[in-house]
Each structure stands twice: as C-alpha cells, then as structure tokens.
Amino acid sequence: IVDPLDGTTNFTHNLPIFAVSIALKKSDEIICGVVYNPAADKCFYAEKDKGAYLNEDKLSVTSSVTLSDSLISTGFPYLHDDRYDLSFEIFKELYGKTRGIRRLGAAALDLCFVAMGRFDAFYEFELKPWDICAGSLIVSEAGGIVSDWNGLKVPDSGIRILASNNKVHNEIIEVLKSEKYRIFY
C-alpha cells in the first residue's frame, strides 16, 4: 500500500512536511510500515511485534495521562460537504480540552509524530489506506493505540482514524462519538 507523496500541497509549496509511505499487508494484517521524509532524512519504520524506529532510535509514545496536558494533530478534508463545518466544531471542542491542535497536512507524518512522542494523539476523517496503514503500525509498535472514532478497529479504508498514546484515547473518543457528530458515522 503505497503513497508516493503524502503532503502533496506541502511539497508543492516547498514546506518540508511530506513523505513517502509504504505498508505491507498480508492476510488482512499490516506487517510492515515505512514512512520516509526525504526533506529531513527521517525514516520511520516498524515490523509487526518488533517495535518502531526513527532511523536507528526506538520510538515510544508520550506518557501524558490527560487531554488537558496533550498536544494533538488533525487534518481537514478538501471536500466541503455536510461534515465540513461540523469538523471545525470538533476542532473547537477538542482545542478547548487540550494544550493545542496542529494541522500539518501529511497524515502519515502525523501518525509518526504520535509514535515518537511529538503529539499525544491524531484524529482525522476521509483519509485513504495509503495515508494511514504504515503510520498506524508505527504508532502501535511504539506503544500507542489506533482505532475508529468509536474505539472499534480502525477501518483500513481511512474513513475515520484516532491514534494516541493510549492514555488519552478514551477522552477523545467521548468527544468523537458524541451524538452531535453522528453524521461522521
């Protein structure tokens, strides 16, 4: 599952937040993932049950235990449908409960930044498998958790994703699965 350029708009504008993302899926399971940012010469990678790494250094998620101590990231879709305005309501609600939210424009790197402890969590909707498969394994292998917004198994489709250090996961799920956001399901 390959994304040759995640963060195309960033790349086009010479913003060094873009990557190549490659995941290997076998028997309906991602067993290997690599995300490479050539602008920074950073290679994130993981193999199922063998940990996650940045270049040669082992990765580990943050130890933040509350959302109020957390820095999270997100992204917004290009399609301006019925969910578009509501996605900003989610942003505002979570922004008020955290130390802040960042929007970098490259989901594969957002996931890797959760794995390395730069962010405590990442959520987004309307992604594709090539955006999330490699990074999701890297987060899991770094000790984090990746799920759908309701806490169930993350859909490989990328329709909804929440990745975190596992300690703030449930607080974010409580917001994302709220009845007022049911249009996302």
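Residues numbered from 1 in each chain as written. Predicted model: local features only at pLDDT ≥ 70, side-chain atom pairs only at ≥ 80, totals over all residues. Heavy atoms only, no water.

Among the five residues of strand β11 (residues 160-164), five are classified as buried, and the element is accordingly described as predominantly covered. In β11, alternate side chains face the same way, and those of R160, L162 and S164 on one face and I161 and A163 on the other are all buried. Pairing geometry for strand β9 (residues 121-125) and β11, over five bridges, is antiparallel. Directly across from E124, in β11, lies its bridge partner I161. One ladder, built from three bridges, connects strand β10 (residues 145-147) with β11; its direction is antiparallel. Along β11, the bridge assignment pairs S147 with L162. (Buried < 20%, exposed > 50% of the residue type's maximum accessible area, 1.4 Å probe, protein only. Helix = DSSP H or I, 4+ residues; strand = E, 2+ residues; numbered from the N terminus. Pairing = 2+ DSSP bridges.)

Moving on: the sheet that holds β11. Spatially, five strands are ordered β8-β7-β9-β11-β10 in an open sheet, and the strand pairing comes out mixed. Strands at the two margins of the open sheet, each flanked by one partner only, are β8 (100-102) and β10. For this sheet, the mean inter-axis angle between neighbouring strands, taken without regard to orientation, is 20°. This element, helix α2 (residues 82-95), spans β7 (71-74), β8 and β9 of the sheet and lies at about 165° to β9. (Axes fitted to C-alpha atoms, helices over the stretch in contact; angles between N-to-C directions. Contact = heavy atoms within 4.5 Å.)

A separate point is α2. Each α-helix winds once per 3.6 residues, and so residues spaced three or four apart point in a common direction. Listed in full, the buried residues belonging to α2 are R83, Y84, S87, I90 and L94. Along the long axis of α2, the arc covered by the buried residues comes to 110°, so they all point the same way. Turned more than 90 degrees from where α2 packs its buried face, D85 and K92 sit exposed. Taken together, the buried residues of α2 touch β7, β8, β9 and α5 (169-176). (Arc of directions from axis to C-beta.)

Turning our attention to the side chain of S73. Looking at the secondary structure, you find S73 in strand β7. The exposure class of S73 is buried, given its relative accessible area of 0%. At 3.5 Å, the side chain of S73 forms a polar contact with the side chain of D110. Apart from residues lying up to four places away in sequence, S73 is in contact with I101, R102, D110, F119, A121, F122 and Y123. (Polar contact = N/O pair within 3.5 Å; in protein donor to acceptor, adjacent residues only side chain to side chain.)

We now examine the packing of aromatic side chains. Under the criterion given, the structure shown has twelve aromatic pairs. Here F125 and F184 contribute two aromatic rings whose centre-to-centre distance is 4.8 Å and whose plane-to-plane angle is 75°, an arrangement assigned as edge-to-face. On the criterion of sequence distance, the pair formed by F125 in strand β9 and F184 in the segment after α5 is long-range, its members being 59 residues apart. Here the two residues F125 and F184 agree in accessibility, since each one is buried. Taken together, F76, Y84, F88, F91 and Y95 form an aromatic cluster joined through their ring pairs. (Phe/Tyr/Trp six-rings, centres within 6.5 Å; stacked < 30°, edge-to-face > 60°.)

Let us look at the packing of α2 against α5. Interhelical geometry of α2 versus α5 gives an angle of 140° and a closest axis separation of 10 Å. Taken together, the axes of α2 and α5 lie oblique to each other. Our pair here, α2 against α5, has a crossing hand that is right-handed. Between α2, through I90, E93 and L94, and α5, the contact on the second element is made entirely by I172, V175 and L176. Considered class by class, the residues forming the contact of α2 with α5 number five nonpolar, no polar and one charged. (Parallel < 35°, antiparallel > 145°, perpendicular 65-115°, else oblique. Left-handed = near helix turned anticlockwise from the far one by under 90°. Nonpolar A, V, L, I, M, F, W, Y, C, P; charged D, E, K, R; others polar.)

Following the sequence through the fold, T74 ends up in strand β7. Take T74: its relative accessible area is 1%, and that puts it in the buried class. Separated by 63 residues in sequence, T74 and L137 place their C-alpha atoms 18 Å apart. Excluding anything up to four places from it in sequence, T74 contacts F91, I101, R102, R103, L104, D110, F122, Y123 and E124.

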